[in-house]
Amino acid sequence: MAKVTGIGGVFFKARGDRKELADWYRQHLGMALEDFGGAVLRWPDDRADDGGLTVWHVAERNTQWFSPSDSAFMINYRVDDLDALLAQLREAGVQVVAGPEQHENGAFAWIVDPDGNKVELWQPKAWDPERRPG
């Protein structure tokens, strides 16, 4: 049977000026924008010890996981240094909703972009169920 092998892209509509929103991601999350206005994230650029993976999940209709956003989606971005990125974001006045939190597969934090979308930031590490936090 033919099957999906990974996430090929993430596409969403801006509520305001798309170039301003893309520039916010460039400025605050370090996404290198290409001529077409988007970014190309390549696995070889990711040096995390989990070997590289993307999680796909369907949430319950009434989940509060994406709150305070009212969006029907939340994007998780892999990052190379969560603590340093959070310090940069706070210094720039970006709303940090929660985190960092340590989990068996890495550290997580959540921010809100200028369109009100909750964004999950993840500094991955190799999965180890024995490493579950407290």
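Relevant structure appears above.
Now for a description of the structure that goes with this document. (Residues numbered from 1 in each chain as written. Predicted model: local features only at pLDDT ≥ 70, side-chain atom pairs only at ≥ 80, totals over all residues. Heavy atoms only, no water.)

1. Here we look at the overall build of the protein chain
Let me state the cut-off plainly: Per the convention used, a helix needs a DSSP run of H or I reaching at least four residues, while a strand needs a run of E reaching at least two, with both numbered from the N terminus. Partly exposed residues are those whose accessible area sits between 20% and 50% of the maximum for their type, while under 20% is buried and over 50% is exposed, using a 1.4 Å probe and protein chains only. Two residues qualify as a contact provided that any one of their heavy atoms is within 4.5 Å of a heavy atom in the partner residue. Calculation of accessible area relied on Shrake-Rupley with a 1.4 Å probe; when residues are assessed, cover is drawn exclusively from the protein chains displayed. In this tally, Asp and Glu contribute negative charge and Lys and Arg positive charge; neither His nor the terminal groups of the chain are included. By convention, the point assigned to a charge is CZ for Arg, NZ for Lys, CD for Glu and CG for Asp.
Along its length, the protein chain carries two helices and four strands. Seen in sequence order, the protein chain has helices and strands lined up from the N terminus as α-β-α-β-β-β. A burial count over the protein chain gives 30% of its 134 residues as buried. Of the contacts made within the protein chain by residues no fewer than 6 positions apart, 52% connect residues no fewer than 24 positions apart. Carbon and sulfur atoms provide 50% of the accessible area of the protein chain, an area that totals close to 9600 Å². For the protein chain, the distance from the average position of its 15 positive side-chain charges to the average position of its 22 negative side-chain charges is 5 Å.

2. Considering the nonpolar core
Where we set the bar: We call a set of buried Ala, Val, Leu, Ile, Met, Phe, Trp, Tyr and Cys residues a nonpolar core when their side-chain atoms join them within 4.5 Å.
By size, the foremost hydrophobic cluster in this structure holds 19 residues, and its most contacted members are Tyr25, Leu29, Tyr77, Leu89, Ile111 and Leu121. Breaking this core down by element, the ones donating at least two residues are helix H1 (18-29), strand S1 (75-78), helix H2 (82-91), strand S3 (106-112) and strand S4 (118-124). Not counting chain neighbours up to four residues away, the residues in contact with Leu29 comprise Trp24, Tyr77, Leu85, Leu89, Ile111 and Leu121. Listed in part, the five residues of the second largest apolar core include Phe66, Phe108, Trp110 and Trp122.

3. Here's the deal with the pattern of salt bridges
So the rule is basically this: Think of a salt bridge as a Lys or Arg side-chain nitrogen and an Asp or Glu carboxyl oxygen that are within 4 Å of each other.
One pass over the structure, following the stated rule, counts four salt bridges. As a salt-bridge pair, Arg15 and Asp70 come within 3.2 Å of each other at their nearest N and O atoms. In this pair, Arg15 sits in the segment before H1 while Asp70 sits in the loop between H1 and S1, placing the two residues 55 residues apart along the sequence. Under the relative-accessibility criterion, Asp70 is labelled exposed at 66%. Between Asp46 and Arg78 there is a salt bridge whose closest N-O contact spans 2.5 Å.

4. Remarks on the sheet that holds S3
To keep things clear, this is the line we draw: Any two strands with at least two DSSP-identified bridges between them are counted as paired. Angles run from 0 to 180 degrees between N-to-C directions of axes, and those axes are lines fitted to C-alpha atoms, restricted for helices to the stretch in contact.
Read from one edge to the other, the open sheet built from four strands follows the order S1-S4-S3-S2, with strand pairing classed as mixed. This sheet does not close on itself; its edge strands, each paired only once, are S1 and strand S2 (96-103). Each strand of the sheet is rotated relative to its neighbour by a mean of 20°, with strand direction disregarded. As judged from the four bridges shared by S1 and S4, these two strands associate in the parallel manner. Paired with Arg78 across the bridge in S4 is Trp122.

5. Observations regarding the packing of aromatic side chains
Each aromatic ring pair is summarised here by two numbers: the centre-to-centre distance and the angle between the ring planes. Threshold: Note on aromatic pairs: the rings of Phe, Tyr and Trp (six-membered ring only in Trp) are paired at centre separations within 6.5 Å, and the planes decide the class, stacked below 30 degrees, edge-to-face beyond 60, tilted for the rest. Working rule: Lys NZ or Arg CZ, within 6 Å of ring centre, within 35 degrees of ring normal, means a charge sits over the ring.
Applying the stated criterion across every chain, the model contains seven aromatic pairs. These aromatic residues form a ring-pair network of at least three members: Phe12, Trp24, Tyr25, Phe73 and Tyr77. Sitting above the plane of the Trp122 ring, Arg78 keeps its charged end 5.2 Å from the centroid.

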